[in-house]
Structures are given as C-alpha cells and as structure tokens.
Amino acid sequence: QVHLVESGGGLVQTGGSLRLSCEASGSIFSINVMGWYRQAPGKQRELVAAFTSDGSTNYVDSVKGRFTISRDNAKNTVYLQMNSLEPEDTAVYYCKADARTRSYLGYFVYWGQGTQVTVSS
C-alpha cells in the first residue's frame, strides 16, 4: 500500500504564496508519475501541475508562470510552490501518484486526502 500525505495548505491573501508538500510512503517500489490536482466547490477536479513519465512537467494554463512543481526523489516527495495566488486558486489540492509496490506489478493510482487552499480577496 502507498500513502500520500499533503501539507502546507492554508488561508492567504491575494498575491500571497504557499508551498504544498506531498510525501509518499509505504511499500513503494517505484513511482512513475506524481503531481497535483485541485477541486473547487461545484467544479470537477483538474490537473494543476505534474511530472510526466519522462520527467517533463505539465501545468494548467491558469497557473503557468505562478506555480512551480518540484520533487525530491530520495524522499518520494513532490512540492508545489504557489506564488501570486488569486481567489480563483481556492480549492482542495490533492496529490496523485502512479506507483507500484512490486517490480512485477503494474502501476496503481493513489490519491492523498487533500489540503485546503483559500485565497481571500
């Protein structure tokens, strides 16, 4: 089993910054893809930023230039630095990882419990 634990959410004013962290733990053999999604009230969950299988990054257009995803492979941790936050960024942010627990098993999708980010105007 793989567990993802997010931290770093909170309340911030418009223009402020937050840094989210997500640490994967458990019986991890390898992680293929790891990234951040968010879900605002009444909206579908959307990709915010993620590392792809070849190590490149993807960002949703609305956060390009403001958010930066990074990772520490030794710690199985991914970060999301969020700058110039806007009220539209208010959402629950979820960490997602495609991971496998044995070399002979396929990759399964794991989600964290989510962390609330609220940006006040």
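Everything here concerns the structure above.
Residues numbered from 1 in each chain as written. Predicted model: local features only at pLDDT ≥ 70, side-chain atom pairs only at ≥ 80, totals over all residues. Heavy atoms only, no water.

*Asks:* Explain the overall build of the chain to me, please; I cannot follow it from the model alone.
*Replies:* A count of helical and extended segments in the chain gives zero helices and eleven strands. For the chain, the succession of helices and strands along the chain, N to C, is β-β-β-β-β-β-β-β-β-β-β. Relative to its length of 121 residues, the chain is compact, with a C-alpha radius of gyration of 14 Å against a globular reference of 14 Å. Oriented by its inertia axes, the alpha-carbon framework of the chain measures out at about 50 × 25 × 25 Å. The long-range fraction of contacts in the chain, counting pairs at least 24 apart against all pairs at least 6 apart in sequence, stands at 56%. If you sum the accessible surface of the chain, you get close to 6500 Å²; carbon and sulfur atoms cover 47% of it. Separation between the mean location of the 11 positive side-chain charges and that of the 10 negative ones in the chain comes to 5 Å. (Helix = DSSP H or I, 4+ residues; strand = E, 2+ residues; numbered from the N terminus. Rg over C-alpha atoms; globule rule 2.2 N^0.38 Å. Contact = heavy atoms within 4.5 Å. Areas by Shrake-Rupley, 256 points an atom, 1.4 Å probe, with all protein chains shown as cover. Lys, Arg positive; Asp, Glu negative; His and termini not counted. Charge placed at Lys NZ, Arg CZ, Asp CG, Glu CD.)

*Asks:* Would you mind going over the state of the cysteines with me for this structure?
*Replies:* Here a disulfide denotes a covalent bond joining the sulfur atom of one cysteine to the sulfur atom of another. In this structure the tally under the stated criterion is one disulfide. The residue that forms a disulfide with cysteine 22 is cysteine 95, at a sulfur-sulfur distance of 2.0 Å. The sign of the S-S torsion, about -80°, decides the handedness of the disulfide formed by cysteine 22 and cysteine 95: left-handed. With cysteine 22 in strand E3 (residues 18–26) and cysteine 95 in strand E9 (residues 91–100), the pair connects residues that are 73 residues apart, well separated along the chain. Using a relative accessible area of 0% as the deciding quantity, one classes cysteine 22 as buried. (Disulfide = S-S within 2.5 Å. Buried < 20%, exposed > 50% of the residue type's maximum accessible area, 1.4 Å probe, protein only.)

*Asks:* Can you help me understand the packing of aromatic side chains in this one?
*Replies:* Centre distance and the angle of the planes are the two values used to describe a pair of aromatic rings. For the structure shown, the criterion picks out two aromatic pairs. A ring pair is formed by tyrosine 37 and tryptophan 111, whose centres lie 5.1 Å apart and whose planes are at 70°; its orientation type is edge-to-face. Taken together, the positions of tyrosine 37 in strand E4 (residues 30–39) and tryptophan 111 in strand E10 (residues 108–111) put the pair 74 residues apart, joining distant regions of the chain. The partly exposed category is assigned to tryptophan 111, whose relative accessible area is 35%. Feature note: the residues Tyr37, Tyr94 and Trp111 constitute an aromatic cluster, connected by ring pairs. (Phe/Tyr/Trp six-rings, centres within 6.5 Å; stacked < 30°, edge-to-face > 60°.)

*Asks:* Explanation requested: the nonpolar core in the structure shown.
*Replies:* Judged by nonpolar contacts, the single largest core of 28 residues is most densely connected at Leu4, Trp36, Leu80, Met82 and Tyr93. Mapped by element, the contributors of at least two residues to this core are strand E1 (2–7), E3, E4, strand E5 (46–51), strand E7 (67–72), strand E8 (77–82), E9 and strand E11 (115–120). Considering each element in turn, this core owes the most residues, five residues, to E9. Excluding residues that lie within four positions of it along the chain, leucine 4 makes contacts with Cys22, Glu23, Ala24, Met34, Cys95, Lys96, Ala97, Tyr110, Trp111, Gly112 and Gln113. (Core = buried A, V, L, I, M, F, W, Y, C linked by side-chain atoms within 4.5 Å.)

*Asks:* Would you explain the layout of surface pockets in this entry?
*Replies:* Estimates place the volume of the largest pocket at around 160 Å³. Looking at the lining of the largest pocket, the elements with two or more residues in it are E4 and E7. Per element, the largest residue contribution to the lining of the largest pocket is four residues, and it comes from E4. A class-by-class count of the residues in the lining of the largest pocket yields four nonpolar, four polar and two charged. (1 Å grid on protein atoms, 1.4 Å probe; cavity = no way out; pocket = protein on both sides within 12 Å on 5 of 7 lines; lining within 4 Å. Points joined across faces, edges and corners; volume = space filled by probe spheres on them. Nonpolar A, V, L, I, M, F, W, Y, C, P; charged D, E, K, R; others polar.)

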